[in-house]
Amino acid sequence: MKIGIMGGTFDPIHMGHLLAAEAAMDSHELDEIWFMPSHVPPHKREAGASGQQRLEMTEAAVKEVQHYEVLGIEMELGGVSYTIDTMKELWRRYPQHEFYFIVGADMVNYLPKWEQIEELAERLTFIGVGRPGFQLHLDDLPEALQDRVLLAEMPLVDISSTAVRRRFAKGHSVRFMIPDAVHQYIVRSGLYGTKP
Ligand SMILES: Nc1ncnc2c1ncn2[C@@H]1O[C@H](COP(=O)(O)OP(=O)(O)OP(=O)(O)O)[C@@H](O)[C@H]1O
Ligand SMILES: O=C(O)c1ccc[n+]([C@@H]2O[C@H](COP(=O)([O-])O)[C@@H](O)[C@H]2O)c1
């Protein structure tokens, strides 16, 4: 099967993540999307919610969504979640599948800085989607990476986890920015300054 991996910190997961996954699946005829929350995200400050909570929010978001699964592999592996390490494990466990890694425009631009990116890109195809505020110019990437990134068009959504966390902290509405089940999980757990 063709599997799209949607990796992220998901602190919390929001509609931008879900629309990016759907665009990649639709544009490149993927069979399934596996959402993969990172344990410790590389090059990011510590997450607000715990790894377990980010995993559970992701599960709440895609529960009962056809063709979407959640992969806890990076929680299992522990440590800093470098994609090269995770992919090696996925290729070992699932030799029958063909993997694609979905990334927003901000991450496409950042790909050259990823751990062992040359080795990773030899075997992994990326699917890049647009994100407001970030230019998606494949020409700016090193030549070896340029033809390893496919594009998928999505309705651009200016939502980030940071904005969602800030809105929660200020008591503003985040309805329609995140799935209802994730909203309920956050309030129930008293995350991001909400009161359980
Ligand atoms: N609104 C969006 N549109 C397209 N891609 C997105 C969007 N938000 C996040 N992504 C992509 O999803 C992946 C995971 O993102 P991440 O979990 O870090 O969310 P984030 O909203 O960027 O978080 P934060 O605001 O905390 O930095 C990355 O590849 C990122 O580029
Ligand atoms: O392997 C790396 O060096 C690397 C550097 C930055 C990001 N990533 C992966 O890209 C995905 C999105 O990252 P982030 O920080 O936007 O949540 C997530 O799966 C990260 O593990 C991977």
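One structure accompanies this document, and this report is about it. (Residues numbered from 1 in each chain as written. Chains lettered and ligands numbered in written order. Predicted model: local features only at pLDDT ≥ 70, side-chain atom pairs only at ≥ 80, totals over all residues.)

**Topic: helix H4 (residues 83–93)**
- Of the residues making up H4, those classed as buried are Thr 83, Thr 86 and Leu 90. Considered in projection along H4, the buried side chains sweep an arc of 65° and stay on one side of the axis.
- The secondary structure elements touched by the buried residues of H4 are strand S1 (2–8), helix H3 (73–77), strand S4 (98–104) and helix H6 (117–123). (Buried ≥ 20, exposed ≤ 12 C-beta atoms within 10 Å, placed from the backbone. Helix = DSSP H or I, 4+ residues; strand = E, 2+ residues; numbered from the N terminus. Arc of directions from axis to C-beta. Contact = placed C-beta atoms within 7 Å.)

**Overview of the environment of Met 177**
- When you line up the elements, Met 177 lands in the loop between helix H8 (161–170) and helix H9 (180–189).
- Those residues in contact with Met 177 that lie beyond four places of it in its chain are His 14, Met 15, Ile 159 and Val 164.

**Focus on the sheet that holds strand S6 (residues 149–152)**
- With respect to topology, six strands assemble into an open sheet ordered S3-S2-S1-S4-S5-S6, the strand pairing being parallel. Each edge of the open sheet is held by one strand with a lone partner, namely strand S3 (68–70) and S6. Each strand of the sheet is rotated relative to its neighbour by a mean of 30°, with strand direction disregarded.
- Where strand S2 (residues 32–37) meets S3, three bridges bridge the pair, whose relative direction is parallel. (Pairing = 2+ DSSP bridges. Axes fitted to C-alpha atoms, helices over the stretch in contact; angles between N-to-C directions.)

**Some points on the environment of Ile 178**
- Here Ile 178 is to be found in the loop between H8 and H9.
- Residues Ile 178 and Leu 71 lie 107 residues apart in sequence; the distance between their C-alpha atoms is 20 Å.
- Contacts of Ile 178, omitting those with residues within four sequence positions, involve Pro 12, Ile 13, His 14, Met 15, Val 164 and His 183.

**What to know about the site of ligand 2**
- Residues in contact with ligand 2 amount to 15 residues; listed here are only the nearest, Gly 7, Thr 9, Thr 83, Trp 114 and Glu 115.
- Only S1 and H4 provide two or more residues apiece to the shell around ligand 2.
- Residues that form the shell around ligand 2 fall into these classes: six nonpolar, seven polar and two charged. (Near = placed C-beta within 6 Å. Nonpolar A, V, L, I, M, F, W, Y, C, P; charged D, E, K, R; others polar.)

**Regarding helix H2 (residues 51–62)**
- In a regular helix each residue adds 1.5 Å, so 12 residues correspond to 16 Å; H2 covers 17 Å between its end C-alpha atoms and thus fits that length.
- Within the span of H2, buried status applies to Gly 51, Arg 54, Leu 55, Met 57, Thr 58, Ala 60, Ala 61 and Val 62.
- Residues of H2 that are buried in the fold lie against helix H1 (15–27), S2, S3, H3 and H9.
- Looking one or two residues beyond H2, the residue adopting positive phi is Glu 64, at roughly 70°. (Expected span 1.5 Å × (residues − 1).)

**Let's talk about the nonpolar core**
- By size, the foremost hydrophobic cluster in this structure holds 44 residues, and its most contacted members are Ala 24, Phe 35 and Ile 102.
- Considering each element in turn, this core owes the most residues, six residues, to H1. (Core = buried A, V, L, I, M, F, W, Y, C linked by C-beta atoms within 7 Å.)

**Section: the pairing of S1**
- Of all seven residues in S1, five are buried; the element is thus mostly enclosed.
- Sheet topology note: the S1/S4 ladder contains five bridges and is parallel. The partner of Gly 4 across the bridge, within S4, is Tyr 100.
- Taken together, the six bridges between S1 and S2 define a ladder with parallel strand orientation. Within S2, the position partnered with Gly 7 by the bridge is Met 36.
- The handedness of the S1 to S2 crossover, carried by H1, is right-handed. (Right-handed = clockwise from strand over helix to strand, strands pointing away.)

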